[in-house]
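Examination of the molecular architecture
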2 protein chains.
Amino acid sequence: MITAVEKRYEKYQAKMQELADVNYAISVLNWDQETYLPQKGAASRAQQISTLTKISHQLATSEELGDLLHELSEKSDLNEWERRNVAESLNEYQKKQKYTTDFVVRLSQVTSQCYQSWLKARAASDFSIFSPAFEEMVGLKREECELLGYEEHPYDALLDQFEPGEKTSNLLELFHDVHKQLVDFVKEISARPQVNDEWMYKFYNKEKQWQYGIDILEQMGYDFKAGRQDVSAHPFTTSFGSNDVRVTTRIDEYNLYEMIWSCIHEGGHALYEQGLKQEDYGLPTGNYLSLGIHESQSRLWENNVGRSQAYWKANYKRLQENFPENLGEVNLESFYKAVNIVKPSLIRTNADELTYHFHILIRFLIEKELIEGSIKVKDIPAIWNQKYKEYLDIDVPSDKEGCLQDIHWSHGSLGYFPTYSLGSFYAAQFYQQAQKEISDLEYQITNGNMRPLLQWLRTKIHQYGRFYTAEDLCIAVTGEKLTFRYFMEYAKEKYGYIYGLKKK
Amino acid sequence: MITAVEKRYEKYQAKMQELADVNYAISVLNWDQETYLPQKGAASRAQQISTLTKISHQLATSEELGDLLHELSEKSDLNEWERRNVAESLNEYQKKQKYTTDFVVRLSQVTSQCYQSWLKARAASDFSIFSPAFEEMVGLKREECELLGYEEHPYDALLDQFEPGEKTSNLLELFHDVHKQLVDFVKEISARPQVNDEWMYKFYNKEKQWQYGIDILEQMGYDFKAGRQDVSAHPFTTSFGSNDVRVTTRIDEYNLYEMIWSCIHEGGHALYEQGLKQEDYGLPTGNYLSLGIHESQSRLWENNVGRSQAYWKANYKRLQENFPENLGEVNLESFYKAVNIVKPSLIRTNADELTYHFHILIRFLIEKELIEGSIKVKDIPAIWNQKYKEYLDIDVPSDKEGCLQDIHWSHGSLGYFPTYSLGSFYAAQFYQQAQKEISDLEYQITNGNMRPLLQWLRTKIHQYGRFYTAEDLCIAVTGEKLTFRYFMEYAKEKYGYIYGLKKK
């Protein structure tokens, strides 16, 4: 006999599934846009996506859903998972209710202007072209913080959109450690003899690379019956439900790094999505937790696994056999070092896994101070260039290679960048725990068997979706809150070896 | 200064565009389902399509749209195109309003049962498995006719869904001519020495076939910047707006017919869609006229052009060069005859362009009589087999190869089949007119220049969308209503030559 509450919960679930159907449809349209859309189809596609987005918003903010959520949130006879779903859905619903139509319209107009002026500014390598529109955007974002509300710091309201529950104070602490510990460590590395990787830029045949990438994904445990790989200008992962999670890659015939680590990185994202509960389709517990946790899955595979000795013991021979003309004379040790080169550089997306965090640290500080109002938009280039000198010891030759390099700000995505670093730090903390709990992990990886690791990630992380907060998940998995310590330990051990640093 | 009426018309246009956005999104999801969907994604995809279909229905039947249409339909200060759009949209709107929720639910349930039982019946080659569900379906379809209303014959209401304005009485006349003229002509042909085409079933490399198909499409004038070709189990054309019209093909390495004529056929459909007015996106005048007119475009290219001597004079050499091992010894004349083989056969989709119409005639008569109530569902196999003997002089060995061969009835698509024949007859009538108006048409085609023909079709047919009714379009283009005469003239001339029949 089904109770009245169960009936209402089913109604809620049906509404959430319907909303997910529309959102996944938007994802299909986006995926197609990035992979197969013919040139002239772009304008209509943008319109189709915009219409579905409007419909999605209507469903997500409907009074009927609100009433249902309020009603269910007062019921005591739901189980723990159901309560969590209702609470999380209500939370999202209430956040969306805070936006006035006027604000949404203005944000959409400014976003469009901002993106257009960013395109122009980047082409001219002149931040001052971008500055006026971005000034407006920052004004709107400050308004948004007030609209959404916060407890400690206005920037928390923006962080919360990408990393629910994350606090500015917490990031300041984490990045304080990054600054204190990583700057000196990178300087030590820079003083050592540098690693050679010139063979990575020889000619690598496209079809052979493609097949090697497919093999990488299969070895990781990516399910090709519940997904596929295609080619796009920028690699990405997208999900239409956990039984259809797709990745894309990019192949550069004169840069072997590109395809290999985009496959491993996107593969890591995709394994997370494929590991979400299909029966919780549309519900928070069937959805990824946060961008930081999502990124932890991609980076764990990309760096902790994909740049390890064990991984390349398993896979290097096959790579050599595919490209004997380039790698025949390169031994495993040299290859391993090459894929772990550390070198301060201008462009975030090309940065190594250590100096990467300086790029994020700088973005974070600038964003925080813009939102506080303690710096002005027009001063960004000067601040940017000064900080790159201070943290990375490099001169920024132009805005294009400096503060205009990334698209995020032009979309109004302030509060997004920190999730990249959080991903790496979570990855290090999760991975040391996996190493503790899977006694022969390295041995298994060396033999190309990734199943124990995937199984561990599935059990400990993937299956929970948004059941936990990120903080609670981290405690549940590792016994403590996120700390920078594990990343630093991992970095010291690995790079100490590669660059022949003395242990202190 | 924009007037109040113009404002209301713009509102109407915006609503129609929104509806089109949702419908085209459904088409994207369907396209992906047939081309790239991973196996496990099928269930979620079906659900996503079903949700969007529900939303589309809500938009199409909204009170707001209805009010707008009623209001605009009374305004005299709209131009001719605008009036036509409003009238056509109101007509569609009113048709949708006639369906009660109860009827829609029952139809959806019976359709699902009907499809499932058809799958089982076909596998067992036993019509009696399909019979009970189809009996219910026919009952519902008879109800639907009453619900929709009709002037002369209940079957008209069903025809109208696929071929607006088409009448049973008109089809009876047309098919009377088909019966009278074509049965004897095919018998004459059957009595002549038969044509050899055994080389068409040798091994034809997939990649070479694919490239040849792309070349075919390009030569026809298909715009690859506003579309693309992919592979699917059953070839189809789909549109997401006239700037993104996609085709699919199927390649059988042991049957050269398959790829070539599916490319030409779908290419013909696609040229129609690419020729619709992009600025009328979402409006009737930006949409195809009817299934019969759509099919006229595919068949005109497939048969009138694609099985002509001129076409193969232009293209055979390249085909020979691609497959010298199979076609090196086959001359143009033999090839031309082979691709025009006439041979009564069991399966509609494999039929030649003459005997094809017997398949449709039989379906039409059975459907009409089912709707009148003059025959019973359980008697279909006997009637079917008797008619195949009478018209095609062949014995039907099993229901699977007989009345269970096509999926349409299992979907409740009664009134659909006649549009296939209408397509061929319209094609013949249009093509003779093109031949009259483009004096050097054959010469141009012989030189591989399809532009004059495409330009003619664009000007005379494509650009009008649904501005005309099919009957009015036919009169506007050819000066008279659709008649079987042009098809028969075309058939007599072409097949008389190929089979060496004496002129009477």
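Analysis parameters
- Residues numbered from 1 in each chain as written.
- Chains lettered and ligands numbered in written order.
- Predicted model: local features only at pLDDT ≥ 70, side-chain atom pairs only at ≥ 80, totals over all residues.
- Helix = DSSP H or I, 4+ residues; strand = E, 2+ residues; numbered from the N terminus.
- Axes fitted to C-alpha atoms, helices over the stretch in contact; angles between N-to-C directions.
- Parallel < 35°, antiparallel > 145°, perpendicular 65-115°, else oblique.
- Left-handed = near helix turned anticlockwise from the far one by under 90°.
- Contact = placed C-beta atoms within 7 Å.
- Least-squares fit on C-alpha atoms with pLDDT ≥ 70 in both.
- Domains from an automatic or database assignment.
- Nonpolar A, V, L, I, M, F, W, Y, C, P; charged D, E, K, R; others polar.

What follows concerns the environment of T349(B). By the secondary structure assignment, T349(B) is in the loop between α14 (332–338) and α15 (356–372). Sequence separation of T349(B) and V138(B) is 211 residues, and the distance between their C-alpha atoms is 24 Å.

Let's shift gears to the packing of helix α5 (residues 101–124) of chain A against helix α6 (residues 127–148) of chain A. Residues and elements named next belong to chain A. One way to put it is that α5 packs onto α6 with a least axis distance of 8 Å and a crossing angle of 150°. When the axis of α5 is compared with that of α6, the two are roughly antiparallel. In this structure, the crossing between α5 and α6 has a hand that is left-handed. Contacts from F103, R106, L107, V110, Q113, C114, S117, W118, K120, A121 and A124 in α5 reach F127, I129, F130, A133, F134, E136, M137, L140, E143 and L147 in α6.

A few words now on the environment of G423(B). All names here are of chain B. The residue G423 is located in helix α17 (residues 418–437) in this model. Taking the C-alpha atoms as reference, G423 lies 24 Å from I214; in sequence the two are 209 residues apart. Beyond its immediate chain neighbours, meaning those up to four positions away, G423 contacts G292, E295, S296, S298 and R299.

Mapping chain A onto chain B leaves a residual RMSD of 0.0 Å; the transformation is a rotation of 180° accompanied by 0.0 Å of translation along its axis. Here the copies are linked by what is in effect a two-fold axis. Here 100% of the contact residues of chain A are again contact residues in chain B; the copies associate through an equivalent surface.

Residues and elements named next belong to chain A. Domain assignment breaks chain A into domain 1 (4–162) and domain 2 (198–341 + 428–475). Of note, the centres of domain 1 and domain 2, computed from C-alpha atoms alone, are 28 Å apart. Between domain 1 and domain 2, the contact holds 18 residues from the first and 18 residues from the second. Elements with a contribution of two residues or more to the side of domain 1 that touches domain 2: α1 (4–35) and α4 (80–97). Tallying contributions element by element places α1 first for the side of domain 1 that touches domain 2, with 12 residues. Partitioned by chemical class, the residues of the side of domain 1 that touches domain 2 number eight nonpolar, seven polar and three charged.

Our focus in this paragraph is the interface of chain A and chain B. Each partner contributes residues to the interface: chain A has 30 residues there, and chain B has 30 residues. Class assignment for the residues of the side of chain A that touches chain B results in 14 nonpolar, nine polar and seven charged.

Residues and elements named next belong to chain A. At a minimum axis separation of 10 Å, α1 and helix α3 (residues 63–73) run at an interaxial angle of 140°. Of the possible angle classes, the one that applies to α1 and α3 is oblique. Two packed elements cross with a definite hand, and for α1 against α3 that hand is left-handed. Residue-level inspection shows R8, Y9, K11, Y12 and K15 of α1 in contact with α3, the latter providing L65, L68, L69, E71 and L72. A breakdown of the residues in the contact of α1 with α3 according to their chemical character gives six nonpolar, no polar and four charged.

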